[in-house]
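Examination of the molecular architecture
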Amino acid sequence: MNVHTLALENFRNYEKARFAFDPSVNLVCGENGQGKTNLLEAVAACSTMRLFRTAQKKEGLRFEADHAFIRADFAAHDRDFTVELRLSRAKSMEIYKNGVRQKRQADMQGLLKTVLFCPEDLMLVRAGAGARRRFLDVALCQLRPNYARYLEEYNRLHDHKTRILRDSEEKPSLLNLWEDFSLRMAYFGARIIRYRAYYCRRLLEAAAAVYADIAPQEALSGAYQTVSSVTDPFADAKQIEQQLAAHVYAHRSAELAAKSCLSGPHKDDLTLLLNGRSAAAFGSQGQVRTCTLSLKLAERELFFQEDGEYPVLLLDDVLSELDRRRQDFVLNRIADGQVMITCCEDGISDKLRAGAVFHIKNGKII
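Another point: the pairing of strand β13 (residues 339–343). With 5 of 5 residues buried, β13 is to be regarded as a mostly interior element. Residue alternation in β13 divides its side chains into two sets, V339, I341 and C343 and M340 and T342, and both sets are buried. When strand β3 (residues 25–29) meets β13, the two strands line up parallel, connected through 5 bridges. For L27, the partnering residue across the bridge sits in β13 and is I341. Looking at chain direction, strand β12 (residues 312–316) and β13 are connected through 4 bridges and run parallel. Bridge pairing links L313 to V339 in β13. In terms of handedness, the path from β12 via helix α9 (residues 324–333) over to β13 forms a crossover that is right-handed.

So, in structure tokens, the structure goes:
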């Protein structure tokens, strides 16, 4: 799986640019603020249908521009595809596959698979639960198209129910909708929980093996945490749905008082342990970074196991944040598949054996 070309117009600080990538390692060089991360964000967006630095897609527009597009030509599963994302200040993003407009974002997620690793991810272990949920969701939306649809619908219901709870004091009649939204959220939530449980089990097994290669004297483990009433997240979806419904009914009064949704997989977390102790609470900075490295490299391996081909690996200035030992470990693990790496200097080009090197300045290739 690899991206052949990428065309940008009015995206971030790129007025107009076209990149032709090598199927192996691509090095993107330039000083800070020149557009290196913007380039990786565009590639990732063609996979996830979202911008990883903002929830508002219109923020991807170049200053004073009203329209923008990202277009990628890529190969996946021995076939060639084109995906185009059209951004606008006035309307929602439009998605085209091979020239045909797609109705739903979820229908396109995962056709091109990517794994993104940026400096902020190095604190994934110590970040809030929301960061780890996003980490799981980005991977699962690419691996399982149905999961993307379930998550999209669950989030829509969650937003509506939250508005109902917040506005119920002024409009008490809105609470007549509470039960219907709660039951529908339980339906989709049950399916989300099952997907997450199975994925987390595989992810933790793979991450533990990677961690053992870096630090054989330590053991990485973890657990997927969901709603307390769910006795078995691997159980039949109907059973989980019933347990979720029971939990939300038991917390109805608390939800009305808090005016927010207190029960459901939007509260899930992935806990990580080192030698049986909380990595977030007791892990050193080096151990925390090794945990994140292990999770990201494990994610890449799971994609390969699923498809028989590696996803496009996007490394956004990560190597500069790692010590020499961890740098070498990462570089030794990414010999196969297409890789795009950003850095401030191109001195590591020979070490990476880069097939293509791009020098970026002010959103232009120089």
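We are not done yet, so read on.
Here M49, not a glycine, exhibits a phi torsion of approximately 65 degrees, which is positive. Overall, M49 belongs to the buried group, its relative accessible area being 0%. Unusually for a residue other than glycine, K259 sits at a positive phi of about 55 degrees. Among the residues examined, K259 registers a relative accessible area of 25% and is labelled partly exposed.

Procedures and definitions
- Residues numbered from 1 in each chain as written.
- Predicted model: local features only at pLDDT ≥ 70, side-chain atom pairs only at ≥ 80, totals over all residues.
- Heavy atoms only, no water.
- Buried < 20%, exposed > 50% of the residue type's maximum accessible area, 1.4 Å probe, protein only.
- Helix = DSSP H or I, 4+ residues; strand = E, 2+ residues; numbered from the N terminus.
- Pairing = 2+ DSSP bridges.
- Right-handed = clockwise from strand over helix to strand, strands pointing away.

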